[in-house]
Amino acid sequence: MLVLPLGAPGAFAQNVAAGETVAKTWCAGCHDVGANGRNKGSDARPPAFASIANMSSTTAMSLSVFLSTPHGRMPDYNLSRNEITNVSAYI
């Protein structure tokens, strides 16, 4: 039997919605953040969120680590832990 904490589905939905807001605000300038993005990434354009989500290496943990550390070609937006959790849920 699966037991979820009270409010879990709503909390997850809020995380996804909040993550979408962060993605559209901070990430959409470079990434295709839409659900149907097809861009796998290149030197000219970073991968679409949909492509990132479909990578076998993508997990909640890998996203958290990636978004928590600075990367040379990615702006350092210095996201909070909550924002990282929300963007990861959206991806």
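Look a little higher up for the structure.
My aim in this report is to walk through the structure given alongside it, one point at a time. Not measured: the values here are computed from a predicted model.

1. As for the environment of Thr-69
On the secondary structure map, Thr-69 appears in the loop between α3 (60-68) and α4 (81-90). What makes Thr-69 partly exposed here is its relative accessible area of 37%. Spatially, the C-alpha atoms of Thr-69 and Leu-79 are 9.9 Å apart, while their sequence positions differ by 10 residues. Within the local environment of Thr-69, its side chain forms a polar contact with the backbone oxygen of Val-65, the two atoms lying 3.1 Å apart.

2. Describing the layout of surface pockets
Here the largest pocket defines a volume of roughly 760 Å³. His-31, Phe-66, Leu-67, His-71 and Met-74 are the residues nearest the centre of the largest pocket, which is lined by 33 residues in total. Listed by contribution, the elements that provide at least two residues to the lining of the largest pocket are α1 (8-27), α2 (49-53) and α3. For the lining of the largest pocket, the element with the most residues is α3, which contributes 5 residues. Of the residues belonging to the lining of the largest pocket, the class tally is 19 nonpolar, 10 polar and 4 charged.

3. Structural notes on the side chain of Ser-88
Positionally, Ser-88 belongs in helix α4. When sequence neighbours within four positions are dropped, the list of residues in contact with Ser-88 reads Ala-60, Leu-63, Ser-64 and Leu-67.

4. Some thoughts on unusual backbone geometry
Positive phi, close to 55°, is recorded for Asn-78, a residue that is not glycine. If you trace the backbone, Asn-78 turns up in the loop between α3 and α4. On the basis of relative accessibility, which here comes to 65%, the residue Asn-78 falls in the exposed class.

5. Side note on the state of the cysteines
Per the stated rule, a full pass over the model turns up 0 disulfides. Looking at Cys-27, it has no disulfide partner, and the nearest cysteine sulfur is the one in Cys-30, 8.7 Å off. Accessibility expressed as a relative area gives 14% for Cys-27, which makes it buried.

Thresholds, definitions, all that
- Residues numbered from 1 in each chain as written.
- Predicted model: local features only at pLDDT ≥ 70, side-chain atom pairs only at ≥ 80, totals over all residues.
- Heavy atoms only, no water.
- Helix = DSSP H or I, 4+ residues; strand = E, 2+ residues; numbered from the N terminus.
- Buried < 20%, exposed > 50% of the residue type's maximum accessible area, 1.4 Å probe, protein only.
- Polar contact = N/O pair within 3.5 Å; in protein donor to acceptor, adjacent residues only side chain to side chain.
- 1 Å grid on protein atoms, 1.4 Å probe; cavity = no way out; pocket = protein on both sides within 12 Å on 5 of 7 lines; lining within 4 Å.
- Points joined across faces, edges and corners; volume = space filled by probe spheres on them.
- Nonpolar A, V, L, I, M, F, W, Y, C, P; charged D, E, K, R; others polar.
- Contact = heavy atoms within 4.5 Å.
- Disulfide = S-S within 2.5 Å.

Taken by themselves, the reported measurements are silent on function.
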